[in-house]
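# Examining the three-dimensional arrangement
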2 protein chains.
Amino acid sequence: MKKARKRPSPKSETELLEMISLQLPKPSFDVLTAIGDDCAVIRPSFSKGSLELLKTDALVEGVHFAKGTPWSKVGWKALCRPISDIAAMGGAPLHALITVASSPLWRSSEWSALYRGIGKAAREFGVSVVGGETVRSPGPLFLSVTLTGNVPKKNLKLRSGATPGDLICVTGKLGGSFKSGRHLTFQPRVAEGRWLGGEHGVTAMMDISDGLGSDLPKLAKESDCSFRIAPDGLPLNQGCSFHQGVSDGEDYELLLTVAAKSWPSLQRRWNIASPEVPLTPIGVVLPPGEKSSLLPIGFDHMNPIAS
Amino acid sequence: MKKARKRPSPKSETELLEMISLQLPKPSFDVLTAIGDDCAVIRPSFSKGSLELLKTDALVEGVHFAKGTPWSKVGWKALCRPISDIAAMGGAPLHALITVASSPLWRSSEWSALYRGIGKAAREFGVSVVGGETVRSPGPLFLSVTLTGNVPKKNLKLRSGATPGDLICVTGKLGGSFKSGRHLTFQPRVAEGRWLGGEHGVTAMMDISDGLGSDLPKLAKESDCSFRIAPDGLPLNQGCSFHQGVSDGEDYELLLTVAAKSWPSLQRRWNIASPEVPLTPIGVVLPPGEKSSLLPIGFDHMNPIAS
């Protein structure tokens, strides 16, 4: 196999920007000015009754991904994490701004690989990268992504809408994301989130990033409810225990509550719309006074345990 | 003088968020959900013909501010820098997302001071902080701010609109920003930028962050023009040489071009609208073939020299 020849470091900000642009899809028609002026300029596509979504999310080397992870996978993960948040509101992602603080020793091949991953995710989910910044830092690699999105007002799903009696459901399967490397290659549930956003029976929704054990209590708190989980009903990835499924985190699946009376019809239509992604009832929403199931706790960003 | 008692570190993400919120102004009426869900949710206030502006900007300890700088000043600077970019398009700032990567040893008093500075700028310029993230990092403090804004389409000022014969002007005075500490306390020219945005005679505009010597060539390149500067016409801060005025950077003044025939009337009305901020013609836009004035170069983010 031919050894890849490392390209030298980009010589200027302009050269770096040109290199980065090569990896990214063309901005969509609503982008009047992307890189090259003080700000990006967007012609808002908001129709009446549509809402704007804003999200920012950061990755730190050694915290959110291990040293030595291929940069293209880091790029994919960096953009797909906030895409997952937009999806969890029932929305569609639109425009991204990407800030990278990297070592002064970073070479062109490293920049290209990182933006190849970002560009792949941008293409797949229809995101235009409209700006950002590259800075040199003596610290670990730091990546900060801001993403905008929109959602028809009637499709917006908050964490606060669950009511007692609703079923608690998750998409896909849980657990083992770090061990399997899935945290670097996951598919944010954009189509599924938009579909669920259009369902009146879905009362609350969020994505599972810190683990069900951390995230479900947040949804319950915002909805002022308690919850009960059926431990053997949890859809687990192969080789995962209940404990891992609840506390590993970084599943990027959707956690939602569904009005009990809407469930039979919703389930039937889901199976036609998304035959490859399971949607599993895992428990029930209880009145606020009741005792919630005790779940092992996942990831707290103030005390990161993952590496 | 009583010695300030250091408060301990915040114990959880929730405690930290509550502490931060205390320092920030209440979100404006168009913010439906700020912190507490997967994304911030905004009711777009865009009227017909208004454009959205997006900007992201990062500060690194030891690069954009020296170790030991009071955190409240760092907070002010962090938000005022992208505000200056929005102003340079003729726009108004709206919503901010703020990401902080800090040492695990940061105490409550440090968080409070940082967000006091951010909050002060947010109040002064009508910005709602609608989201963000706090992460622990072994590296230097890293702050990333994303800011949205809007501008009536007819008021949008790009870098690309200058034509030969236009006057080149700057607001305020240039030079010595680092030495005087002005880079931590500057006033972004929001009112002035919006006023200039409404002037048909202003053909191009940007803010001076890297120094006139770096920024004017960028404007000229985007406008496909050359330029001539009158060295003794430059408005300089006290004690600054021409060289410093051109290359120090971080002035956060507006650099603009004005159609020659609009200048007399614009100047007269500027002096009434902004009696405290000088607007000074410093040169002229030339056809693309001509030789531009040679100016000392300022700050390149790829090769930061400031500390």
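It should be emphasised that the depicted structure is a prediction, and the values quoted were computed from it without experimental measurement.

## Concerning the overall build of chain A
The number of helices and strands found in chain A is 8 helices and 11 strands. For 307 residues, the compact-globule estimate of 2.2 N^0.38 gives 19 Å, and chain A sits close to it at 20 Å. On the principal axes, the C-alpha backbone points of chain A span a range of 60 × 45 × 35 Å. Going through the 307 residues of chain A one by one, you find that 53% of them count as buried. Here the contacts in chain A between residues at least 6 apart in sequence split such that 89% fall between residues at least 24 apart.

## Comments concerning the environment of leucine 156 of chain B
Residue placement: leucine 156 of chain B occurs in the loop between strand S6 (142–152) and strand S7 (167–171). Assessed through the 21 C-beta atoms surrounding it within 10 Å, leucine 156 of chain B is described here as buried.

## Considerations on helix H2 (residues 71–87) of chain B
In this model, H2 of chain B (17 residues) spans 24 Å end to end at C-alpha, consistent with the 24 Å of a helix rising 1.5 Å per residue. When you tally the buried positions in H2 of chain B, you get 15 out of 17 residues, the bulk of the element.

## Describing the relation of the copies chain A and chain B
When chain A is fitted to chain B, the best match, at an RMSD of 0.0 Å, comes from turning it 180° and sliding it 0.0 Å along the axis. When the rotation and shift are considered jointly, the pair of chain copies conforms to a two-fold rotation axis. Identified as the residue of chain A closest to the rotation axis by C-alpha distance is glycine 139 of chain A, at 2.0 Å. Both copies present the same face, since 98% of the interface residues in chain A are matched by interface residues at the equivalent positions in chain B.

## Examining the interface of chain A and chain B
Accessible area lost during the coming together of the parts is what is often quoted as the interface size. Contact with chain A, which involves 57 residues of that partner, is made by 56 residues of chain B. No other element matches strand S3 (residues 50–60) of chain A, which puts 9 residues into the side of chain A that touches chain B. Of the residues assigned to the side of chain A that touches chain B, the class counts are 29 nonpolar, 14 polar and 14 charged.

## Quick word on the sheet that holds S6 of chain B
The strand order S1(A)-S2(A)-S3(B)-S6(B)-S4(B)-S5(B) describes an open sheet built from 6 strands, whose pairing is mixed. The sheet is open, and its two borders are formed by strand S1 (31–33) of chain A together with strand S5 (128–136) of chain B, each paired with just one other strand. Strand after strand, the sheet turns through a mean of 20° between neighbouring axes, direction not considered. Both strand S2 (residues 40–42) of chain A and strand S3 (residues 50–60) of chain B contribute to a ladder of 3 bridges, which runs antiparallel. Paired with valine 41 of chain A across the two strands is leucine 53 of chain B, which belongs to S3 of chain B. Most of the contacts of H2 of chain B go to S3 of chain B, to which it runs at about 145°, and overall it touches S3, strand S4 (92–102) and S6 of chain B.

## Focus: the domain arrangement of chain A
All names here are of chain A. Domain parsing of chain A yields domain 1 (13–153) and domain 2 (159–286). Computed over C-alpha atoms, the centres of domain 1 and domain 2 are 26 Å apart. Counting only elements with at least two residues in the side of domain 1 that touches domain 2, the list comes to helix H2 (71–88) and strand S4 (92–102). If one sorts the elements of the side of domain 1 that touches domain 2 by residue count, H2 sits on top with 9 residues. Its residues assigned to classes, the side of domain 1 that touches domain 2 shows 10 nonpolar, 4 polar and 3 charged.

## Quick notes on helix H6 (residues 212–223) of chain B
All names here are of chain B. In a regular helix each residue adds 1.5 Å, so 12 residues correspond to 16 Å; H6 covers 16 Å between its end C-alpha atoms and thus fits that length. Among all positions in H6, only Leu212, Gly213, Ser214, Asp215, Leu216, Leu219, Ala220 and Ser223 are buried. Considering only its buried residues, H6 is in contact with strand S8 (202–208), strand S9 (226–229), helix H7 (242–247) and strand S10 (253–258).

## Some points on the nonpolar core
Membership of the largest hydrophobic core comes to 174 residues, with the highest contact counts inside it found for Leu79 and Ala96 of chain A together with Leu79 and Ala96 of chain B. Sort the elements by how many residues they give to this core and H2 of chain A lands first, with 10 residues. Not counting residues up to four positions away in its chain, the partners in contact with alanine 96 of chain A are Leu79, Ala122, Val127, Val129, Val130, Val145, Thr146 and Leu147 of chain A.

## Overview of the packing of H2 of chain B against helix H3 (residues 108–125) of chain B
Each pair of packed helices gets described by two things: the angle between the helix axes and the distance between those axes. Residues and elements named next belong to chain B. Between H2 and H3, the least distance of the axes is 6 Å, while the angle of their chain directions is 35°. You can see that H2 and H3 cross each other, and the crossing is right-handed. Taking contact as the criterion, the partners of Trp71, Ser72, Lys73, Val74, Gly75, Trp76, Ala78, Leu79, Cys80 and Ile83 in H2 are, on H3, Glu110, Ala113, Leu114, Tyr115, Arg116, Gly117, Ile118, Lys120, Ala121, Ala122 and Phe125. Counted by class, the contact of H2 with H3 contains 14 nonpolar, 3 polar and 4 charged residues.

## Topic: the pairing of S8 of chain B
Residues and elements named next belong to chain B. When you tally the buried positions in S8, you get 7 out of 7 residues, the bulk of the element. Here 6 bridges tie S8 to S10, and the two strands are oriented antiparallel to one another. Across the sheet, the residue bridging to valine 202 is valine 258, located in S10.

## Description of the packing of helix H1 (residues 13–23) of chain B against H3 of chain B
Residues and elements named next belong to chain B. It is the contact of H1 with H3, at a shortest axis distance of 8 Å, that shows an interaxial angle of 35°. In the packing of H1 onto H3, the handedness of the crossing is right-handed. Contacts from Leu16, Met19, Ile20 and Gln23 of H1 reach H3 at Ser108, Trp111, Ser112, Tyr115, Arg116 and Gly119. In the contact of H1 with H3, the residues fall into 5 nonpolar, 4 polar and 1 charged.

## A short note on the sheet that holds S9 of chain B
All names here are of chain B. Reading across from one edge, S8-S10-S7-S11-S9 is the order of the 5 strands in this open sheet, with antiparallel pairing throughout. Of all the strands in the sheet, just S8 and S9 have a single pairing partner and so form its edges. Each strand of the sheet is rotated relative to its neighbour by a mean of 30°, with strand direction disregarded. Packing against the sheet, helix H5 (residues 190–197) makes contact with S7, S8 and S10, and its axis sits at approximately 15° to S10.

## As for the environment of aspartate 210 of chain B
Relative to the helices and strands, aspartate 210 of chain B is located in the loop between S8 and H6. Separated by 87 residues in sequence, aspartate 210 of chain B and isoleucine 297 of chain B have C-alpha atoms that sit 8.5 Å apart.

## Topic: the pairing of S3 of chain A
Residue and element names in this part refer to chain A. Counting buried positions along S3 yields 11 of 11 residues, so the element is predominantly enclosed. Burial along S3 is two-sided: the face carrying Ser50, Glu52, Leu54, Thr56, Ala58 and Val60 and the face carrying Leu51, Leu53, Lys55, Asp57 and Leu59 are both buried. Relative to strand S6 (residues 142–152), S3 is paired through 11 bridges, and the arrangement is antiparallel. In the strand pairing of S6, threonine 56 is matched with threonine 146.

Rules and cut-offs
Residues numbered from 1 in each chain as written. Chains lettered and ligands numbered in written order. Predicted model: local features only at pLDDT ≥ 70, side-chain atom pairs only at ≥ 80, totals over all residues. Helix = DSSP H or I, 4+ residues; strand = E, 2+ residues; numbered from the N terminus. Rg over C-alpha atoms; globule rule 2.2 N^0.38 Å. Buried ≥ 20, exposed ≤ 12 C-beta atoms within 10 Å, placed from the backbone. Contact = placed C-beta atoms within 7 Å. Expected span 1.5 Å × (residues − 1). Least-squares fit on C-alpha atoms with pLDDT ≥ 70 in both. Nonpolar A, V, L, I, M, F, W, Y, C, P; charged D, E, K, R; others polar. Pairing = 2+ DSSP bridges. Axes fitted to C-alpha atoms, helices over the stretch in contact; angles between N-to-C directions. Domains from an automatic or database assignment. Core = buried A, V, L, I, M, F, W, Y, C linked by C-beta atoms within 7 Å. Left-handed = near helix turned anticlockwise from the far one by under 90°.

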